[in-house]
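Chain by chain, the residues:
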Amino acid sequence: MKYLISVFVFIGFNGFAQSAQTLMGAKQMGMAYASAATQDEWGLWNNIAGLASQQSAAASVAYEVTPTLIGANRMALSAAVPGRWGVVGAGAFRFGDQVYSEQIVSIGIAHRVGITSLGAKLNWVQYRADGFGVQSVAVIDVGGITQLTRHMSIGAYITNLTQSSFASSDSYRLPTRLVVGVNFQLTDAVIVSTELEKDLDYKPIFKAGMNYEAIKNFFIRSGFNFYPQNFYLGLGTKRKTMTVDYAVRFNHFLGSTHQIAVTIYWGKSQNK
């Protein structure tokens, strides 16, 4: 049985050029991952340009579990450190179990010039399937965010700009995605985000999310996306040196998926 599972996973992920989603951060998840124009310490796993406005050093960890899919848990560790030439981020991501797993080590930098933030990151991606060995490849992602007005920002990024693959055949190419999103600051307490994600090989995905500061430093979030159809809810709290966020995704076929994320800050005051 273990061997059959390995074959299924290997075909499913490599034969059809798919891989686990690396978007992370319970704040972003609570807003349906409509995060292309969001700027915070989770930019390493969303739009790398989002790191540029980080004013303090930060260390983050997130863990996600889907009870109906044993062995499909995801986790990420990352750190962001402001410097003279911009904000440097580094981290590691893991999906899977002993039968099939994906590991990613990423390092990136983001810099702000005027109203625009630009960023790039290098990922070392490793796939492992029981009975099929290990395959690795380097991937480059790039992104940008522009603050058009005090109440509106637009962001865009591309994953796998290099269209890297594990072999010469396109069947082994990692996903290349173009993502464009807009954030609207409707009031001091309400942010609405929209986003369109297009994988080169699949239909576009529309996402929308909302972040509401119900009381000072306590947030309620919700969001949805089409294809696939998912509904999201989230909660979060923020203190001077720490944020804690929780989010849940509801899917008709897979049921619920839960993620919790914690960030610790030190140095200068963190982003507002």
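The rules behind these values
- Residues numbered from 1 in each chain as written.
- Predicted model: local features only at pLDDT ≥ 70, side-chain atom pairs only at ≥ 80, totals over all residues.
- Heavy atoms only, no water.
- Helix = DSSP H or I, 4+ residues; strand = E, 2+ residues; numbered from the N terminus.
- Contact = heavy atoms within 4.5 Å.
- Areas by Shrake-Rupley, 256 points an atom, 1.4 Å probe, with all protein chains shown as cover.
- pLDDT = per-residue confidence, 0-100.
- Core = buried A, V, L, I, M, F, W, Y, C linked by side-chain atoms within 4.5 Å.
- Buried < 20%, exposed > 50% of the residue type's maximum accessible area, 1.4 Å probe, protein only.
- Patch = residues over 30% accessible without salt bridge, like charges linked within 9 Å, V, L, I, M, F, W, Y side chains within 5 Å.
- Salt bridge = Lys/Arg side-chain N within 4 Å of Asp/Glu carboxyl O.
- Phe/Tyr/Trp six-rings, centres within 6.5 Å; stacked < 30°, edge-to-face > 60°.
- Lys NZ or Arg CZ within 6 Å of the ring centre and 35° of its normal.
- Polar contact = N/O pair within 3.5 Å; in protein donor to acceptor, adjacent residues only side chain to side chain.

**So, the overall build of the protein chain**
Scanning the protein chain from terminus to terminus reveals 2 helices and 14 strands. Nonlocal contacts in the protein chain, meaning residues at least 24 apart in sequence, comprise 46% of its contacts between residues at least 6 apart. Carbon together with sulfur atoms contributes 68% to the accessible area of the protein chain, which is approximately 13200 Å² in total.

**Observations regarding unusual backbone geometry**
Most peptide bonds take the trans form, and the phi angle of most residues other than glycine is negative. Along the chain, Tyr227 connects to Pro228 via a cis peptide bond; the corresponding omega equals -5°. Tracing the sequence through the fold places Pro228 in the loop between strand 11 (218–226) and strand 12 (230–238). Unusually for a residue other than glycine, Ala32 sits at a positive phi of about 65°. Residue position: Ala32 is located in the loop between helix 2 (26–30) and strand 1 (57–65). A positive phi angle, close to 65°, is found at Asn217, a residue other than glycine. Inspection of the secondary structure puts Asn217 in the loop between strand 10 (205–215) and strand 11.

**Quick notes on the confidence of the model for the protein chain**
Summarising the model, the protein chain shows a mean pLDDT of 89, and 89% of its residues fall at 70 or more. Note that residues 1–17 has pLDDT below 50 and, in this model, 32 contacts with residues that lie over four places away or in other chains.

**Regarding the nonpolar core**
Grouped together as the largest cluster of nonpolar side chains are 36 residues, with contacts concentrated most on Met24, Trp45, Phe93, Val125 and Leu174. Breaking this core down by element, the ones donating at least two residues are helix 2, strand 2 (74–83), strand 3 (86–96), strand 4 (100–113), strand 5 (116–129) and strand 6 (133–149). When neighbours within four sequence positions are excluded, Leu174 is seen to be in contact with Val125, Tyr127, Val137, Val139, Asn160, Ser164, Ser165 and Phe166.

**Topic: a nonpolar patch on the surface**
A surface patch of nonpolar side chains, about 720 Å² in accessible area, is lined by Leu196, Phe206, Phe224, Phe226, Tyr227, Phe231, Leu233 and Phe250. Residue assignment for the nonpolar patch shows that the elements contributing at least two residues are strand 11 and strand 12. Tracing the chain through its elements places Tyr227 in the loop between strand 11 and strand 12.

**Some words on the packing of aromatic side chains**
Two aromatic rings, taken as a pair, are described by how far apart their centres are and by the angle between their planes. What the rule picks out here adds up to 5 aromatic pairs. Seen in terms of ring centroids, Phe95 and Tyr100 are 6.4 Å apart; in terms of plane orientation they differ by 70°. Their pairing is edge-to-face. Comparing Phe95 with Tyr100, the two get one shared label, buried. Measuring from ring centre to ring centre gives 6.3 Å for Phe206 and Phe224, while their planes differ by 55°; the resulting arrangement is tilted. Here Phe206, found in strand 10, pairs with Phe224, found in strand 11; they are 18 residues apart in sequence, far enough to count as distant. Taking the relative accessible area as the measure of exposure, Phe224 reaches 33% and is therefore partly exposed. Here the aromatic cluster, defined as three or more aromatic residues joined through ring pairs, consists of Phe95, Tyr100 and Tyr127. The ring of Tyr227 carries the charged tip of Lys203 above its face, separated from the ring centre by 5.4 Å.

**Comments concerning the side chain of Arg74**
Following the sequence through the fold, Arg74 ends up in strand 2. A distance of 3.4 Å separates the side chain of Arg74 from the side chain of Tyr33, its partner in a polar contact. Not counting residues within four places of it along the chain, the set of residues in contact with Arg74 comprises Gln21, Thr22, Leu23, Met24, Tyr33, Ala62, Tyr63, Glu64, Phe93, Arg94, Phe95 and Gln259.

**As for the environment of Ile109**
With respect to the helices and strands, the residue Ile109 is situated in strand 4. Among the residues examined, Ile109 registers a relative accessible area of 38% and is labelled partly exposed. What Ile109 contacts, discounting residues up to four positions off in sequence, is Ile48, Trp85, Val87, Val88, Leu118, Gly119 and Ala120.

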